[in-house]
Amino acid sequence: MKVEVLTAASELGPRGWDELLGSADFGLSQTWLGVLEGVVAVRSGVSAPGVGTAAVAGVSAPGVGVAEDSGGSSTRSGTAVRPFYLIAHDGHSRTVAGLAAHLMTRDAPAWDFYRLDRVFRRLAAMPDRDERGFVGVRGTEPLVLMPHLLLGGRQTAHGRMLLAPWLSGDARRQAVRAVLGRVEELGTQIGARALAFMFVDEDDPLRDELTDRGYLSFLHASAGIMDIDFDSFNGYLSRFSAHRRQRIRKELRSFGEAGLVFSHHPLGEVVEQITPLGMALESRYGAEGDTVAAFQASLRVVSDAVGDRTVVLTAEQGGQIRGYVIAMRWRDALILRSAGFDYDFKGRLPLYYGVVFYHAVEYALACGLRRIYYGIESAAAKASRGCRIVDQYGMVYGLDAEARTALSQVLHGKIAAAQPR
């Protein structure tokens, strides 16, 4: 089995990547990977807005070209996140597997859900850290693990390997093992200290394969998924107890009393209006480093590249947007990406529920969609409004003895096993 390593999303199309995609794998589509490359570029000051369009079209945009070196790695000027895409072909030249990988260095943006040094520090501070299989960070352990390869896609939820739907049994295992073996070689080749899948679904068979290869695991997050198995908003309400239905109806009345109107717009038409709301949410939850220019530039990259699939669901009052969520349509699914709110206006209004759940459900129904992906965090709130919750695991592997020792010391339940009997 042959496994190729590509260094730009624009190269994926001819290799059969899109043939691997399932009904809700927009986060790993060729288009979205190209968009992510463009977003990183503009937030790093490498290129002007519009790079996303060039990347998706396969045009070499200034400042984001890829230079091959003798080791097969890439040099991407001005950014600290280097993409790699692994594609496996069987003996009949059929595309059988695909894996996205991004090299995370200490100079990469301060992403608390992607960088091992920041992920471990964040989890160490959580009150349920023992339940998550995590005992804390001591000394320089996280730095020992940097740089590392982030595997399975750079999105917060459902990191995975793409596999041809007709693969099964030994053929499936052979494809998975070929790709994992090649990514271990790649990591060593480019100087990574560790490999990390950050968001493996609890029921994904990949977990067992990774465990067999020596990956250690921890409960990282929980994602919400709304199954649209009803055909009206009343059908949605019928999911809940009488008490919950009464509460939801009260919340719906409160929106009318506040003069709110729910609507939707193409992303490109409302970038300036939603910027202060989105930045307010980022600031509220501790995001670092975004400027107004970078925030708007990254939204324009998305709009330019996937504007036909992107919609901004809004709550408006007095001609102003008071809350929004950006959503992307992909086959039979709606994927919610980012939100923002006017907190001065919001007060005690349940605006989050109104935009992210009730409005999103009505929009999905109108479009004939069958599923809404909500991403991670706020599991209790998501469950209370009809989502099923899927636990997601971090799976990590040290590429050298020092990194493996550090991981064993950090992850709960592995310390005793490492001690002499």
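As the structure is a prediction and not an experimental result, all values here were calculated from the model. (Residues numbered from 1 in each chain as written. Predicted model: local features only at pLDDT ≥ 70, side-chain atom pairs only at ≥ 80, totals over all residues. Heavy atoms only, no water.)

Caption draft 1: Main features of the overall build of the chain. Across its full length, the chain holds 15 helices and 15 strands. Sorting the 421 residues of the chain into buried and exposed places 54% on the buried side. When contacts within the chain are restricted to residue pairs at least 6 apart in sequence, long-range pairs at least 24 apart make up 72% of them. Summed over all atoms, the accessible surface of the chain reaches about 17800 Å², with 47% contributed by carbon and sulfur. (Helix = DSSP H or I, 4+ residues; strand = E, 2+ residues; numbered from the N terminus. Buried < 20%, exposed > 50% of the residue type's maximum accessible area, 1.4 Å probe, protein only. Contact = heavy atoms within 4.5 Å. Areas by Shrake-Rupley, 256 points an atom, 1.4 Å probe, with all protein chains shown as cover.)

Caption draft 2: Inspection of the packing of aromatic side chains at higher detail. In this structure the tally under the stated criterion is 17 aromatic pairs. Centre to centre, the rings of F255 and F262 are 5.4 Å apart; their planes meet at 75°, and the pair counts as edge-to-face. Taking relative accessible area as the criterion, F255 reaches 2% and is therefore assigned buried. Through successive ring pairs, a cluster of aromatic residues spans F230, F233, Y236, F240 and Y358. Across from the ring centre of Y393, 3.9 Å away, lies the NZ or CZ of R207, which sits over that ring. When the ring centre of Y353 is taken as origin, the NZ or CZ atom of R385, which lies over that ring, is 3.8 Å away. (Phe/Tyr/Trp six-rings, centres within 6.5 Å; stacked < 30°, edge-to-face > 60°. Lys NZ or Arg CZ within 6 Å of the ring centre and 35° of its normal.)

Caption draft 3: Examining the packing of helix α8 (residues 242-257) against helix α12 (residues 351-367) more closely. Where α8 contacts α12, the two axes come as close as 10 Å, and the packing angle between them is 105°. Compared by their axis directions, α8 and α12 come out roughly perpendicular. Taken together, the residues of α12 that come into contact with α8 (itself represented by I248, E251, L252 and F255) are L351, Y353, G354 and Y358. Of the residues contributing to the contact of α8 with α12, the split by class is six nonpolar, one polar and one charged. (Axes fitted to C-alpha atoms, helices over the stretch in contact; angles between N-to-C directions. Parallel < 35°, antiparallel > 145°, perpendicular 65-115°, else oblique. Nonpolar A, V, L, I, M, F, W, Y, C, P; charged D, E, K, R; others polar.)

Caption draft 4: Looking closely at the environment of E184. Summarising the element assignment, E184 is placed in helix α5 (residues 169-189). The buried category is assigned to E184, whose relative accessible area is 16%. For the pair E184 and L149, spaced 35 residues apart in the sequence, the C-alpha separation amounts to 9.4 Å.

Caption draft 5: Representation of the nonpolar core in the model. By size, the foremost hydrophobic cluster in this structure holds 76 residues, and its most contacted members are W17, L149, L151, F197, Y215 and I274. At seven residues, helix α10 (residues 292-306) tops the list of elements feeding residues into this core. The contacts of L151, once residues within four sequence positions are left out, are L99, A100, A101, V183, L195, A196, F197, M198 and Y215. Within the second largest apolar cluster, 35 residues are counted, among which are Y236, V311, L334 and F341. (Core = buried A, V, L, I, M, F, W, Y, C linked by side-chain atoms within 4.5 Å.)

Caption draft 6: Main features of helix α9 (residues 271-284). The end-to-end C-alpha separation of α9 is 20 Å, in line with the 20 Å expected for 14 residues at 1.5 Å each. Buried within α9 are the following residues: V271, I274, T275, L277 and G278. Contacts from the buried residues of α9 go to α10, β11 (310-317), β12 (320-330) and β13 (333-341). (Expected span 1.5 Å × (residues − 1).)

Caption draft 7: Broad picture of the layout of surface pockets. The calculated volume of the second largest pocket comes to roughly 410 Å³. If you trace the second largest pocket, you find 20 residues lining it, with D25, R160, M161, D204 and P205 closest to the centre. Where the lining of the second largest pocket is concerned, the elements lending two or more residues are β7 (162-163) and β15 (388-398). A per-class count over the lining of the second largest pocket returns 11 nonpolar, two polar and seven charged. (1 Å grid on protein atoms, 1.4 Å probe; cavity = no way out; pocket = protein on both sides within 12 Å on 5 of 7 lines; lining within 4 Å. Points joined across faces, edges and corners; volume = space filled by probe spheres on them.)

Caption draft 8: Spotlight on the pairing of strand β5 (residues 95-104). In terms of residue burial, β5 counts as a mostly covered element, since 10 of its 10 residues are buried. Pairing analysis gives nine bridges linking strand β4 (residues 81-89) to β5, with the strands arranged antiparallel. Bridge assignment links I87 to a residue of β5, and that residue is G98. Two successive antiparallel strands, β4 and β5, enclose a turn made up of five residues, where S93 displays a positive phi of approximately 65°. One ladder, built from two bridges, connects β5 with β7; its direction is antiparallel. Along β7, the bridge assignment pairs A97 with L163. With four bridges connecting them, β5 and strand β6 (residues 148-151) associate as antiparallel partners. If you follow L103 over to β6, its bridge partner there is L149. (Pairing = 2+ DSSP bridges.)

Caption draft 9: Quick peek at the pairing of β11. Within β11, seven of the eight residues are buried, which leaves the element mostly enclosed by the surrounding structure. Where strand β10 (residues 261-265) meets β11, five bridges bridge the pair, whose relative direction is antiparallel. By the bridge assignment for β11, V261 is matched with E316. In this structure, β11 lies alongside β12, joined through eight bridges in antiparallel fashion. The partner of E316 across the bridge, within β12, is I321. If you look at the hairpin formed by β11 and β12, you'll find two residues sitting between the two strands, and G318 has a positive phi there, around 60°.

Caption draft 10: Just helix α3 (residues 116-124), in detail. Extensive coverage of α3 is indicated by the burial of seven of its nine residues. Where α3 is buried, its residues meet α4 (141-144), β6, β8 (194-201), β9 (216-227), β15 and α14 (401-410).

Caption draft 11: View of the pattern of salt bridges. Enumeration according to the criterion identifies 20 salt bridges in this entry. With a shortest N-O distance of 2.7 Å, D117 and R115 are connected by a salt bridge. With a relative accessible area of 3%, D117 lands in the buried category. Owing to a relative accessible area of 7%, R115 belongs among the buried residues under this scheme. Bridged by salt links that share partners, the residues D227, D332, R371 and R388 form one connected network. (Salt bridge = Lys/Arg side-chain N within 4 Å of Asp/Glu carboxyl O.)

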